[in-house]
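# Topology and contacts: notes
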Amino acid sequence: MGRTSTPRVRKPANAQAFTRKLLAWWARAARDLPWRRTRDPYRVLVSEFMLQQTQVSRVAEYYPRFLERFPDLDSLARARPRAVREAWDGLGYYARARNLHSLAKDVTRRHDATLPSEPDELIKLPGVGPYTAGAVASFAYEKPVPAVDTNVARVLRRMFLGINGKRKTDDGRLWALAAALVPKSGKRAWKFNQAIMELGALICVARKPRCPQCPVRPVCRTGKARRTDATG
Ligand code: SF4
């Protein structure tokens, strides 16, 4: 999701109830994924690059193998392009592997092998867009910043704007909404960003949102308007 502009938006009236319900659901329903057990910036970064265009189950399979071969930024920076490609083999979209390799060299050279923690710095690195910059800042450094990918954008559109279709939404407006919603405490922001993404991946799915099973339905503009007996 590109961030086109950043208009200010007021925190919606149902924001608090949304966050409370979302985090309660997260506590009981979150999947235990390897990249959620770490705050190591390199490991978070690798998972985010892999997840950009690949399903979670496939990433879960390749992620530990890649980390075994390249356990840190330094080892990746020193690797030959062919070795990086081999380790990425099976995940496809090799431009991601090339960008990750360039990033490792860049950070090793210019940032003393330490990934920056602020989205404004992260976004200057190869292959890092607004979402990945926000995700690494939040998931590795627990910064209270938004991270809007397609799952999150879909939840925000349906939940707060009542848009359940292909109608275009201004990316800037969604980022501003996410920024207004994200908790100020970094630990809670980490959970919030993970949880809203998880809701988009498991419940508020693209084709047929599972409103009857949705924990935030009582406060959702789209969910409330759908028939109560709707199953999809
Ligand atoms: S109630 Fe339905 S539309 Fe609203 S967030 Fe949940 S699944 Fe999505």
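Scroll up to find the structure.
Since the structure is predicted, the reported quantities are computational estimates derived from the model, not experimental observations. Numbering of residues starts from 1 in every chain and runs along the sequence as written. Only residues with pLDDT of at least 70 are given local features in this predicted model, and only at 80 or more are side-chain atom pairs given and counted; all residues enter the totals for whole chains, interfaces and linings. Hydrogens are left out, water is left out, and the side-chain values use all remaining heavy atoms of the structure.

### Focus: the environment of Glu-121
- Within the secondary structure layout, Glu-121 lies in helix α7 (residues 119-122).
- For the pair Glu-121 and Ala-133, spaced 12 residues apart in sequence, the C-alpha to C-alpha distance is 8.2 Å.
- In this analysis, two residues are considered to be in contact whenever any of their non-hydrogen atoms come within 4.5 Å of each other. Once you skip the residues sitting within four places of it in the chain, Glu-121 turns out to touch His-111 and Pro-116.
- Polar contacts here mean pairs of N or O atoms no more than 3.5 Å apart (in protein, one a potential hydrogen donor and the other a potential acceptor; neighbouring residues in sequence count only if both atoms are side-chain atoms). Within the local environment of Glu-121, its side chain forms a polar contact with the side chain of Lys-124, the two groups lying 3.0 Å apart. Runs of E in the DSSP output that reach at least two residues are strands. Runs of H or I that reach at least four are helices, and both are numbered from the N terminus.

### With respect to the packing of aromatic side chains
- Aromatic rings from Phe, Tyr and Trp, with only the six-membered ring used for Trp, were paired whenever their centres fell within 6.5 Å, and each pair was classed as stacked if the ring planes differed by under 30 degrees, edge-to-face if by over 60, and tilted otherwise. In this structure the tally under the stated criterion is 7 aromatic pairs.
- When the ring of Phe-139 is compared with that of Trp-190, the centres are 6.3 Å apart and the planes differ by 75 degrees; the resulting orientation is edge-to-face. Remark: Trp-190 occurs in helix α11 (residues 186-202) and Phe-139 occurs in helix α8 (residues 130-139); sequence separation between them is 51 residues.
- Categorising residues by exposure relies on relative accessible area from a 1.4 Å probe, with only protein chains included: less than 20% of the type maximum marks a residue as buried, more than 50% marks it as exposed, and the intermediate range marks it as partly exposed. Exposure remark for Trp-190: the relative accessible area of 7% places this residue in the buried category.

### Here's the deal with the nonpolar core
- Core analysis: the biggest nonpolar cluster contains 77 residues, and Phe-18 and Phe-66 have the highest contact counts within it.
- Excluding anything up to four places from it in sequence, Phe-18 contacts Val-155, Met-159, Phe-160, Phe-192, Ile-196, Val-216 and Val-219. Residue types Ala, Val, Leu, Ile, Met, Phe, Trp, Tyr and Cys, when buried and joined through side-chain atoms within 4.5 Å, form a set referred to as a nonpolar core.

### What to know about the pattern of salt bridges
- By definition here, a salt bridge exists when the distance from a side-chain nitrogen of Lys or Arg to a carboxyl oxygen of Asp or Glu is within 4 Å. According to the stated counting rule, one finds 13 salt bridges in the structure shown.
- We note a salt bridge from Arg-37 to Asp-32, for which the minimum N-O separation is 2.9 Å. You'll find Arg-37 and Asp-32 in the same group, each marked exposed.
- A salt bridge links Asp-106 to Arg-109; its shortest N-O distance comes to 3.5 Å. Taken as a pair, Asp-106 and Arg-109 lie in helix α6 (residues 95-110) at a separation of 3 residues, close to a single helical turn.
- Taking relative accessible area as the criterion, Arg-109 reaches 64% and is therefore assigned exposed.
- One network of salt bridges, in which partners are shared, links Arg-31, Arg-36 and Glu-198.

### Describing unusual backbone geometry
- Of note in the backbone geometry, Ala-113 takes a positive phi value of approximately 65 degrees without being a glycine.
- Position of Ala-113 among the secondary structure elements: in the loop between α6 and α7.
- Of note, Glu-142 is a non-glycine position whose phi angle comes to about 55 degrees, a positive value.

### Notes on helix α3 (residues 56-69)
- By definition here, a helix of n residues has an expected span of 1.5 Å times n minus one. Under the 1.5 Å per step criterion, the end-to-end length of α3 is 20 Å for 14 residues, consistent within 8% with the ideal 20 Å.
- Taken as a whole, α3 carries its principal kink of about 30 degrees at Tyr-62; the proline Pro-64 stands between one and four residues after it.
- Turning to α3, its buried residues are Val-59, Tyr-62, Tyr-63, Phe-66 and Leu-67.
- Against the buried residues of α3 lie α2 (41-51), α4 (73-78), α5 (81-88) and α6. Note that bend, as reported per residue, equals the angle between axes fitted to the 7 residues terminating at that residue and the 7 residues originating from it.

### Some words on α2
- For α2, the buried fraction is high: 8 of the 11 residues fall into the buried class.
- Buried within α2 are the following residues: Tyr-42, Val-44, Leu-45, Val-46, Ser-47, Glu-48, Phe-49 and Met-50.
- Contacts from the buried residues of α2 go to α3, α4, α5, α6 and α8.
- The backbone nitrogen of Tyr-42 has a side-chain oxygen 3.0 Å away, supplied by the residue at the start of α2, namely Asp-40.

### Considerations on the environment of Arg-39
- Looking at the element boundaries, Arg-39 is found in the loop between α1 (15-29) and α2.
- It is 33 Å that separates the C-alpha atoms of Arg-39 and Leu-161, two residues lying 122 residues apart in sequence.
- With residues near it in sequence (within four places) discarded, Arg-39 still touches Val-44, Phe-139, Ala-140, Glu-142 and Trp-190.
- A polar atom in the side chain of Arg-39 sits 2.8 Å from the side chain of Glu-142.

### Regarding the side chain of Asp-106
- With a relative accessible area of 10%, Asp-106 lands in the buried category.
- When residues no more than four places from it in sequence are discounted, the contact partners of Asp-106 are His-111, Leu-125 and Pro-126.

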